[in-house]
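# Secondary and tertiary structure notes
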Amino acid sequence: ALFAVGSVLYSVYRIRVQRILEMENLRRRIARDLHDDIGADLTQIAIFSEVIKTRIRDAETESMLEKIGTMARRVIGGMSELVWYIDPRHDTVNDLINRIEELVGGLLQGTEIRFSVECNTALKEIKLTPELRKELFLVLKEALHNAVKYSQCLKLSLAIYLSGKRLEVELKDD
């Protein structure tokens, strides 16, 4: 009887591991397909609108082409975020930090604001669920936008640490 219970538990465990691996493979395939197929097409739309705009002298048509290019670039940016959210290769705290630093690079361009990140090296390897990673990114993105726009700060610092079993994230300005 003990052997039968052990066999059942092992089978359940194997099925769970197999499902987790299948889900990660699915996430990886979706991320790759979105990036490769849709990303390439949207990039082409943006490029075509720029090329046509240089050949058109009609102000109204030029304005519409400008809007097409702007929308295509905005969708490319949104899709890039979506791909990042679902790609299992970006599941660690370190990947979140890298993505935030990319965002900050663009936000702080042309300002004198300095940005720093404090995070324990071991903590950087902790895996986050896609949902948590997305929510943390969106909250930090909004907070960073607001800080740059309204705070008149010269320093922004991001600290990520564990408090007991809780992951805590703190964004401060001077």
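Analysis parameters
Residues numbered from 1 in each chain as written. Predicted model: local features only at pLDDT ≥ 70, side-chain atom pairs only at ≥ 80, totals over all residues. Heavy atoms only, no water. Helix = DSSP H or I, 4+ residues; strand = E, 2+ residues; numbered from the N terminus. Rg over C-alpha atoms; globule rule 2.2 N^0.38 Å. Buried < 20%, exposed > 50% of the residue type's maximum accessible area, 1.4 Å probe, protein only. Contact = heavy atoms within 4.5 Å. Areas by Shrake-Rupley, 256 points an atom, 1.4 Å probe, with all protein chains shown as cover. Pairing = 2+ DSSP bridges. Axes fitted to C-alpha atoms, helices over the stretch in contact; angles between N-to-C directions. Salt bridge = Lys/Arg side-chain N within 4 Å of Asp/Glu carboxyl O. Phe/Tyr/Trp six-rings, centres within 6.5 Å; stacked < 30°, edge-to-face > 60°. Core = buried A, V, L, I, M, F, W, Y, C linked by side-chain atoms within 4.5 Å. Patch = residues over 30% accessible without salt bridge, like charges linked within 9 Å, V, L, I, M, F, W, Y side chains within 5 Å.

### Here's the deal with the overall build of the protein
A tally of regular secondary structure across the protein gives four helices and three strands. Along the chain direction, N to C, the helices and strands of the protein fall in the order α-α-α-β-α-β-β. Computed over its C-alpha atoms, the radius of gyration of the protein comes to 22 Å, more than 25% above the 16 Å expected for a compact globule of 174 residues. Taken over the C-alpha atoms alone, the protein extends approximately 85 × 45 × 20 Å along its principal axes. For the protein, buried positions account for 26% of its 174 residues. Taking contacts inside the protein between residues at least 6 apart in sequence as the whole, the part at least 24 apart equals 67%. Put simply, the protein shows about 12,100 Å² of open surface, and 57% of that area lies on carbon and sulfur atoms.

### Describing the sheet that holds strand 1 (residues 114-119)
Spatially, 1-2-3 is the arrangement adopted by the three strands of the open sheet, whose pairing is mixed. The open sheet has two free edges, formed respectively by strand 1 and strand 3 (166-173), since each of these has just one partner strand. Strand after strand, the sheet turns through a mean of 10° between neighbouring axes, direction not considered. Summarising the sheet, strand 1 and strand 2 (residues 155-163) pair through six bridges and their orientation is parallel.

### Some words on the pattern of salt bridges
Summed over all chains, the structure comprises seven salt bridges. Across the pair Glu102 and Arg99 runs a salt bridge, and its minimum N-O distance is 3.9 Å. Pair noted here: Glu102 and Arg99 are both in helix 3 (residues 93-107), with a separation of three residues, about one helical turn.

### A look at the packing of aromatic side chains
Applying the stated criterion to the full structure yields three aromatic pairs. Where Tyr85 meets Phe137, the ring centres are 6.3 Å apart and the plane angle is 65°; that geometry is what we call edge-to-face. Of this pair, Tyr85 sits in helix 2 (residues 59-86) while Phe137 is found in helix 4 (residues 130-150), placing the two residues 52 residues apart along the sequence. We classify Tyr85 as buried; its relative accessible area is 8%.

### Thoughts on the nonpolar core
Among the nonpolar cores identified, the biggest contains 23 residues, and Leu96, Ile100, Phe137, Leu144 and Ile160 are the most heavily contacted of them. Listing elements by their share of this core, those giving two or more residues are helix 2, helix 3, helix 4 and strand 2. Among the elements that take part in this core, helix 3 stands out by supplying seven residues, more than any other. Leaving out residues up to four positions away in the same chain, Leu96 has contacts with Trp84, Leu128, Arg133, Leu136 and Phe137.

### With respect to a nonpolar patch on the surface
A grouping of Tyr10, Tyr13, Val17 and Leu21 is seen on the molecular surface, where their side chains present a nonpolar patch of about 420 Å² in accessible area. By secondary structure assignment, the location of Tyr13 is in helix 1 (residues 2-55).

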